[in-house]
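Architecture and fold: a report
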Amino acid sequence: MNLRTSSFNRRHSLLALASLLGAVALPALAASPAQAPIRIALIESLSGPIANTGEAVHRNLVLATERVNARGGIKLAGGRAPLAIERYDSKGQIEEALAALRSAIDAGIRIVAQGNSSAVAGALIDAIAKHNERNPAQQVLFLNYSAVDPALTNERCSFWHFRFDAHADMRMAALMDVLKTDRQVASVYLIGQDYSFGQSVLREAKRQLSMRRPDVKIVGEELHPMARVKDFLPYATKIKASGAQAVITGNWGNDLTLLVKAAREVGYEGKFYTFYGNALGAPAAIGEAGVGQVLAVAEWFPNAPGQAGKAFYQAFRQRFPKPEDDYVHLRMQLMIEALAQALERAAAQGAGQGGSVVPAALPVARALEQADVSLAGQRLQMRAGDHQAQQPLMVAIMDRKGAKGVPFDVEGSGYGFRVVHQLNAEAASHAHSCRMVRP
């Protein structure tokens, strides 16, 4: 359930992390939290074809909770309480995720985290809203770190749901900022996973192309089953035959890795404008052919300018030194920092429920609406109107490790990502259509 790390190694890693981030860890480590852990249920694919994505998230959340615990945990009325991540395997399926939610609630957990599927996130949003209405004494919060279907903070928004990633339309707009000046691209091929998120990516790509690059011709458009295609050679062959100078895709996990690997095998030489091309095997799969050709968008990259970010990344790599574990997203760290801030604010207002010193979900949600946290040079604020995090965005292009602006590679591949475009939080922000029902 939690990492089975020796006390020596865990203490060593926490000290290293605190040192690199400029925190004072020794006093916190010397004091033992007085309260039982505040548990967070991670509901993700931890087995099956996209298990690597769930495991990658788990590492990020473990690092984030270790940081909070290293400084003493969460300050409550009855003492300090550590945060703990508990794992629930959804196997990438909606019904399994809903069963996991029920198990977590039955186990007394009131904070749920998920993100690696907008379809699953939508089902969890609905289920949690219904549960909370029927069970006011057992209300649950939903922290979303990467389910980016725009509908989740627009027409499907919920008071109990908070998204800490930029949604798909925000990411697409950042990519289009770069594509609009890329005059080598006269035609594109759109390909994505056939579910709500993949469909929204293709829809928004067409809309933004029509506004910002109406001269670009769409020479192919395709949706494929998510996490079920083993051989992308037929897709790559069609992409090459189309003559497209670029591919736009929101694919993630093995669906992206296998796609770019197939494109390399058929000799496709166009660019890839991606949401997630910077991790989980994609750089190694495409290799040298990706230099100057593969772009990705994120809230932060290890090669982002600034020493604070570099120190944070080095701390992560010290904690998880295996090349295959090199998957780090600052938004997941900021999410846990925002939760810690909200818990302490709610506790300070005496928001414990039923005699408990741990605040109930409702006051924590109200505090989380006002979240304003910073880490490693990155600031995140929560917008109360739709519960969509507001933070900077960056676009980066694949390059060789050691090139200017690329001190770090990805997963030991020899290739990293150089930041070529940055948007501040205001520029990255989008208007919303959320009409939130508040308890």
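Residues numbered from 1 in each chain as written. Predicted model: local features only at pLDDT ≥ 70, side-chain atom pairs only at ≥ 80, totals over all residues. Heavy atoms only, no water.

1. Comments concerning unusual backbone geometry
We apply this condition: Secondary structure elements are defined from DSSP: runs of H or I of at least 4 residues count as helices, runs of E of at least 2 residues count as strands, and each element is numbered from the N terminus. Only protein chains enter the calculation, and the probe is 1.4 Å; a residue is then buried if its accessible area is under 20% of its type maximum, exposed if over 50%, and partly exposed in between.
Even without being a glycine, lysine 91 presents a positive backbone phi close to 55 degrees. Mapped onto the elements of the fold, lysine 91 is located in the loop between β4 (83–89) and α4 (94–106). By relative accessible area, lysine 91 is classed as partly exposed at 42%. With a phi close to 55 degrees, alanine 376 is a non-glycine residue in the positive phi region. When you line up the elements, alanine 376 lands in the loop between β13 (372–375) and β14 (378–383).

2. Quick word on the packing of aromatic side chains
Given two aromatic rings, one states the distance between the centres and the angle between the planes to describe the pair. Worth spelling out the cut-off: Planes of paired rings set the category: under 30 degrees apart is stacked, over 60 is edge-to-face and the rest tilted, where pairs are Phe, Tyr or Trp rings (Trp by its six-membered ring) whose centres lie within 6.5 Å. Only Lys NZ and Arg CZ are tested; either one counts as a charge over a ring when it is within 6 Å of the ring centre and within 35 degrees of the ring normal.
Applying the stated rule across the entire model yields 11 aromatic pairs. Each ring, one from phenylalanine 275 and one from tyrosine 276, has its centre 6.1 Å from the other, and the planes form 70 degrees; the classification is edge-to-face. The class for tyrosine 276 is buried, based on a relative accessible area of 14%. Each ring, one from phenylalanine 301 and one from phenylalanine 417, has its centre 6.4 Å from the other, and the planes form 20 degrees; the classification is stacked. Highlighted residues: phenylalanine 301 in the loop between β12 (294–298) and α11 (307–319) and phenylalanine 417 in strand β17 (residues 415–423), separated in sequence by 116 residues. Note on accessibility: phenylalanine 301 and phenylalanine 417 belong to one class, buried. Of the aromatic side chains, those joined through ring pairs into one cluster are Tyr195, Phe197, Phe275 and Tyr276. Sitting over the ring of phenylalanine 320, arginine 319 keeps its end group 4.7 Å from the ring centre.

3. What to know about the domain arrangement of the protein chain
To be explicit about the condition: Where each domain begins and ends follows an automated or database-derived domain assignment. In what follows, residue pairs with any heavy atoms lying within 4.5 Å of each other are defined as contacts. The buried area of a pairing is the accessible area, by a 1.4 Å probe, that goes missing from both parts when the two are put together, added over both. We define a salt bridge as a side-chain nitrogen of Lys or Arg found within 4 Å of a carboxyl oxygen belonging to Asp or Glu. For this classification, Asp, Glu, Lys and Arg are treated as charged, while Ala, Val, Leu, Ile, Met, Phe, Trp, Tyr, Cys and Pro are nonpolar and the rest, including Gly, are polar.
Segmenting the protein chain into domains produces domain 1 (38–166 + 316–390) and domain 2 (169–298 + 392–423). The straight-line distance from the C-alpha centre of domain 1 to that of domain 2 is 29 Å. With 24 residues of domain 1 in contact, the opposing surface of domain 2 contributes 23 residues. Contact between domain 1 and domain 2 buries roughly 1,900 Å² in total, counting both sides, with carbon and sulfur atoms accounting for 62%. The largest per-residue losses of area from domain 1 upon contact with domain 2 belong to Pro49, Ala166 and Asp326, which jointly make up 22% of the total buried on that side. Linking domain 1 with domain 2 are 1 salt bridge. When the shortest N-O distance is used, the salt bridge between aspartate 165 and arginine 171 registers 3.1 Å. For the side of domain 1 that touches domain 2, the secondary-structure elements that each account for two or more residues are α3 (51–70), α5 (118–134), β14 and β15 (388–390). Grouping the constituent residues of the side of domain 1 that touches domain 2 by class yields 10 nonpolar, 9 polar and 5 charged.

4. Comments concerning the confidence of the model for the protein chain
The test is simple: One number per residue, pLDDT, summarises how confident the predictor is, and it ranges from 0 to 100.
Averaged over every residue, the pLDDT of the protein chain is 91; the share at 70 or more is 91%. Across residues 1–16, where pLDDT falls below 50, the model places 28 contacts with residues more than four positions away in sequence or in other chains.

5. A word on the pattern of salt bridges
The full count for this structure, using the stated rule, is 24 salt bridges. Between aspartate 177 and arginine 212 there is a salt bridge, with the nearest N and O atoms lying 2.2 Å from each other. One end of the pair, aspartate 177, is in helix α6 (residues 168–179); the other, arginine 212, is in helix α7 (residues 196–212), with 35 residues separating them in the sequence. The exposure class assigned to arginine 212 is partly exposed, which follows from its relative accessible area of 25%. Connected through salt bridges with shared partners, the residues Asp165, Arg171, Glu299 and Arg331 form a single ionic network.

6. Overview of the environment of aspartate 89
Applied cut-off: In the analysis that follows, any N or O atom pair within 3.5 Å is treated as a polar contact, provided that within protein one partner can donate a hydrogen and the other can accept it, and provided that, for residues neighboring in sequence, both atoms belong to side chains.
Residue position: aspartate 89 is located in strand β4. Residue aspartate 89 is classed as partly exposed on the basis of its relative accessible area, which comes to 25%. It is 5.9 Å that separates the C-alpha atoms of aspartate 89 and isoleucine 43, two residues lying 46 residues apart in sequence. Discounting residues that sit within four places of it in the chain, aspartate 89 has contacts with Glu44, Ser45, Leu46 and Ser47. Within the structure, the side chain of aspartate 89 is placed 2.8 Å from the backbone nitrogen of lysine 91, a separation counted as a polar contact.

7. Overview of the sheet that holds strand β11 (residues 271–274)
In plain terms, the rule: Whether two strands pair comes down to DSSP finding at least two bridges between them. Fitted lines through C-alpha atoms give the axes, limited to the stretch in contact for helices. The angle between two N-to-C directions lies from 0 to 180 degrees.
Taken together, 7 strands build an open sheet; the order of strands is β9-β8-β10-β11-β12-β16-β17 and the sheet is mixed. Looking along the sheet, the strands with just one partner apiece sit at the ends: β9 (217–224) and β17. When strand polarity is set aside, the average angle formed by the axes of neighbouring strands in this sheet is 20 degrees. Relative to β9, strand β8 (residues 187–193) is paired through 7 bridges, and the arrangement is parallel. Among the inter-strand pairings, glycine 192 is bridged to a residue of β9, identified as leucine 223. Its contacts with the sheet place α7 against β8, β9 and β10 (246–249), and it is angled at close to 160 degrees to β8.

8. Some details on the nonpolar core
Nonpolar side chains tend to gather and get buried jointly when the protein is soluble and globular. We count it as follows: To qualify as a nonpolar core, a set must consist of buried Ala, Val, Leu, Ile, Met, Phe, Trp, Tyr and Cys residues joined through side-chain atoms within 4.5 Å.
If you look at the biggest cluster of nonpolar residues, it comprises 152 residues, and the most contacted ones within it are Leu61, Phe164, Phe197, Ile248, Phe272 and Phe275. Counting residues per element, this core draws most heavily on helix α12 (residues 330–348), which supplies 12 residues. When residues of this core are assigned to domains, at least three fall in each of domain 1 (38–166 + 316–390) and domain 2 (169–298 + 392–423). Residues within four places of leucine 61 in sequence aside, it is in contact with Leu42, Ile85, Ala113, Met332, Met335 and Ile336.

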